[in-house]
Amino acid sequence: MIRDGFGLSGMTQAELSRASQIPRSTLANILSATAEHRLVHVSQLVKIAVAIGADPQVWIGELEKFERKRRR
């Protein structure tokens with residue numbers, strides 16, 4: 001969700017870093033397509049969603065659905 005939202009936003013990593021107040025190096029790790037899946041703190045998820053104009057509640061809802069399916 002974060003990578004897709006970022007791609008659609010048209011922002012650079014530097015712009016997203018400023019808007020979300022998350023260090024660019026941290027964003028680079030989160031956005032890297034080749035990096036291992038990593039945990040993203042919910043506050044980071046919300047900051048990124050707000051910065052790119054996405055609804056963080058929708059993202060959290062999607063994560064909840066994913067987790068419920070995974071546990072079945």
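Just above, that's the structure.
Below is a summary of the structure that appears in this document. (Residues numbered from 1 in each chain as written. Predicted model: local features only at pLDDT ≥ 70, side-chain atom pairs only at ≥ 80, totals over all residues. Heavy atoms only, no water.)

1. Looking at the layout of surface pockets
- In this structure, the largest pocket encloses a volume near 720 Å³.
- For the largest pocket, the lining is made up of 19 residues, of which Ile2, Arg38, Leu39, Val40 and Leu63 are closest to its centre.
- Counting residues per element, the ones that place at least two in the lining of the largest pocket are α1 (2-9), α3 (24-31), α4 (42-52) and α5 (56-70).
- Per element, the largest residue contribution to the lining of the largest pocket is five residues, and it comes from α5.
- For the lining of the largest pocket, a count of residues per class yields 11 nonpolar, three polar and five charged. (1 Å grid on protein atoms, 1.4 Å probe; cavity = no way out; pocket = protein on both sides within 12 Å on 5 of 7 lines; lining within 4 Å. Points joined across faces, edges and corners; volume = space filled by probe spheres on them. Helix = DSSP H or I, 4+ residues; strand = E, 2+ residues; numbered from the N terminus. Nonpolar A, V, L, I, M, F, W, Y, C, P; charged D, E, K, R; others polar.)

2. So, the pattern of salt bridges
- This model, assessed by the stated rule, comprises four salt bridges.
- The residue Glu64 makes a salt bridge to Arg68 at a minimum N-O spacing of 2.8 Å. Taken together, the residues Glu64 and Arg68, both in helix α5 and four residues apart, mark about one turn of the helix.
- One salt-bridge network, in which partners are shared between bridges, spans Glu67, Arg70 and Arg71. (Salt bridge = Lys/Arg side-chain N within 4 Å of Asp/Glu carboxyl O.)

3. Looking at the environment of Ile2
- Mapped onto the elements, Ile2 comes out in helix α1.
- Beyond its immediate chain neighbours, meaning those up to four positions away, Ile2 contacts Ile30, Leu31, Val40, Leu45, Ile48 and Trp59. (Contact = heavy atoms within 4.5 Å.)

4. Notes on the nonpolar core
- In this structure, Ile2, Leu16, Leu27, Leu31, Ile48 and Trp59 are the most contacted members of the largest nonpolar core, which totals 13 residues.
- Counting only elements with at least two residues in this core, the list comes to α1, α3 and α4.
- Residue contacts for Ile48: discarding those within four places in its chain leaves Ile2, Leu16, Ser20, Ile22, Leu27, Ile30 and Trp59. (Core = buried A, V, L, I, M, F, W, Y, C linked by side-chain atoms within 4.5 Å. Buried < 20%, exposed > 50% of the residue type's maximum accessible area, 1.4 Å probe, protein only.)

5. Structural notes on the packing of helix α2 (residues 13-20) against α4
- Interhelical geometry of α2 versus α4 gives an angle of 110 degrees and a closest axis separation of 9 Å. In terms of their interaxial angle, α2 and α4 are classed as roughly perpendicular. Of the two possible hands of crossing, α2 and α4 adopt the one that is right-handed. Of the residues in α4, those touching α2 at Leu16, Ala19 and Ser20 are Lys47, Ile48, Ala51 and Ile52. (Axes fitted to C-alpha atoms, helices over the stretch in contact; angles between N-to-C directions. Parallel < 35°, antiparallel > 145°, perpendicular 65-115°, else oblique. Left-handed = near helix turned anticlockwise from the far one by under 90°.)

In short, the description is geometric, and any link to function would need to be established separately.
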